[in-house]
Amino acid sequence: MTREPIPASAYDMDHAEEVEERRTLAVLVDNEPGVLGRVVGLFSARGYNIESLTVAEVDRGKHRSRITIVTTGTAHMLEQIEAQLLRLVPVAAVIDITKSKRGVERELALVKVAGQGDPRVEALRIAEIFRARVIDTTNESFIFEITGASEKIDQFCELMEPLGLVEVSRTGVLSIRRGKDAG
């Protein structure tokens, strides 16, 4: 009977079986100086990546803010992130929107496209299909406003690239759960 050698370090372990997942976490925190830095510091100190980050005060009376974080990792790593976030003193709750059947995620983007003639007409046609609104126009360019899933915005930008995509500004993912309860 032969045994496989025990890895000397976690870096030597075979991680081929671990599948990476994308998660959206809503972190409710006390709105006080330094909280965002502590939350972001937790991610950077452990080498976790933040793909999207949005923050806003959501309850002035209770001085509460909501930090929406999109991150990717193995199931084990994501569980660790949640547990470590809950250990931070100013964190009131961590809600995994991705796991919630009632979760809704949206993103907003402003997309500038320059062009004249046929490419300009094609940009307007594609914008109509994607339900993007023209919020500014000149003789040489448009600025479109588009909302939806991140994948929808990615597809819109891909289609605008050959038509004269100049610049994109995105809010990052916003999330909320359906129903009458908060969180």
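Calculation notes
Residues numbered from 1 in each chain as written. Predicted model: local features only at pLDDT ≥ 70, side-chain atom pairs only at ≥ 80, totals over all residues. Heavy atoms only, no water. UniProt positions renumbered as here; feature names shortened; annotations may be inferred. Helix = DSSP H or I, 4+ residues; strand = E, 2+ residues; numbered from the N terminus. Buried < 20%, exposed > 50% of the residue type's maximum accessible area, 1.4 Å probe, protein only. Contact = heavy atoms within 4.5 Å. Phe/Tyr/Trp six-rings, centres within 6.5 Å; stacked < 30°, edge-to-face > 60°. Lys NZ or Arg CZ within 6 Å of the ring centre and 35° of its normal. Expected span 1.5 Å × (residues − 1). Domains from an automatic or database assignment. Buried area = accessible area lost by both parts, 1.4 Å probe. Salt bridge = Lys/Arg side-chain N within 4 Å of Asp/Glu carboxyl O. Polar contact = N/O pair within 3.5 Å; in protein donor to acceptor, adjacent residues only side chain to side chain. Nonpolar A, V, L, I, M, F, W, Y, C, P; charged D, E, K, R; others polar. Pairing = 2+ DSSP bridges. Axes fitted to C-alpha atoms, helices over the stretch in contact; angles between N-to-C directions.

For the protein chain, an unreviewed UniProt entry supplies the name Acetolactate synthase small subunit and the organism Henriciella barbarensis. Per UniProt, the protein chain has the following entry under Sequence similarities (unreviewed entry): "Belongs to the acetolactate synthase small subunit family." In its Function (unreviewed entry) section, the UniProt entry covering the protein chain states "Catalyzes the conversion of 2 pyruvate molecules into acetolactate in the first common step of the biosynthetic pathway of the branched-amino acids such as leucine, isoleucine, and valine."

Examining the side chain of Ser150
Position of Ser150 relative to the elements: it lies in helix α4 (residues 150–164). Its relative accessible area of 13% is what places Ser150 among the buried residues. Among all residues touching Ser150, those that are not within four sequence positions of it are Arg22, Glu107, Arg170 and Val173.

What about the packing of aromatic side chains?
Per the counting criterion, the structure on display carries four aromatic pairs. These aromatic residues form a ring-pair network of at least three members: Phe130, Phe142, Phe144 and Phe156. Looking at Arg120, its charged tip hangs above the ring of Phe142, at a distance of 4.1 Å from the centre.

A closer look at helix α2 (residues 75–87)
Spanning 13 residues, α2 covers 19 Å between terminal C-alpha atoms, matching the ideal 18 Å at 1.5 Å per step. Turning to α2, its buried residues are Leu78, Ile81, Glu82, Gln84 and Leu85. Where α2 is buried, its residues touch β1 (21–30), α1 (35–45), β3 (64–73) and β4 (91–96).

Describing the domain arrangement of the protein chain
The domain boundaries assigned to the protein chain delineate domain 1 (17–101) and domain 2 (104–177). The C-alpha centroid of domain 2 is placed 28 Å from the C-alpha centroid of domain 1. Counting residues at the interface gives 13 residues for domain 1, matched by 11 residues for domain 2. When domain 1 packs against domain 2, close to 820 Å² is buried across both sides, 48% of that on carbon and sulfur atoms. In terms of surface lost to domain 2, no three residues of domain 1 exceed Arg22, Thr54 and Ile97, which account for 44% of the buried area on that side. Scanning the region where domain 1 abuts domain 2 turns up zero salt bridges. Remark: the boundary between domain 1 and domain 2 carries four residue pairs in polar contact (both at pLDDT 80 or more). In the side of domain 1 that touches domain 2, the residues fall into five nonpolar, six polar and two charged.

A look at the environment of Glu105
With respect to the helices and strands, Glu105 occurs in strand β5 (residues 103–114). Glu105 gets classed as partly exposed once you look at its relative accessible area, which sits at 23%. Placed 57 residues apart in sequence, Glu105 and Tyr48 show a C-alpha to C-alpha distance of 21 Å. Looking at Glu105, its side chain comes within polar contact range of the side chain of Thr24, at 3.0 Å.

Brief notes about unusual backbone geometry
Here His63, not a glycine, exhibits a phi torsion of approximately 55°, which is positive. Note on placement: His63 falls in the loop between β2 (50–59) and β3. For Arg131, which is not a glycine, the phi torsion comes out positive at approximately 60°. Inspection of the secondary structure puts Arg131 in the loop between α3 (118–129) and β6 (133–137).

Here's the deal with the sheet that holds β1
Read across the open sheet, the four strands follow the order β2-β3-β1-β4; overall the sheet is antiparallel. The sheet terminates laterally at β2 and β4, the two strands that pair on one side only. Averaged over all pairs of adjacent strands, the angle between strand axes in this sheet comes to 20°, irrespective of strand direction. The sheet contact formed by β1 and β3 spans 10 bridges and is antiparallel. If you follow Thr24 over to β3, its bridge partner there is Val70.

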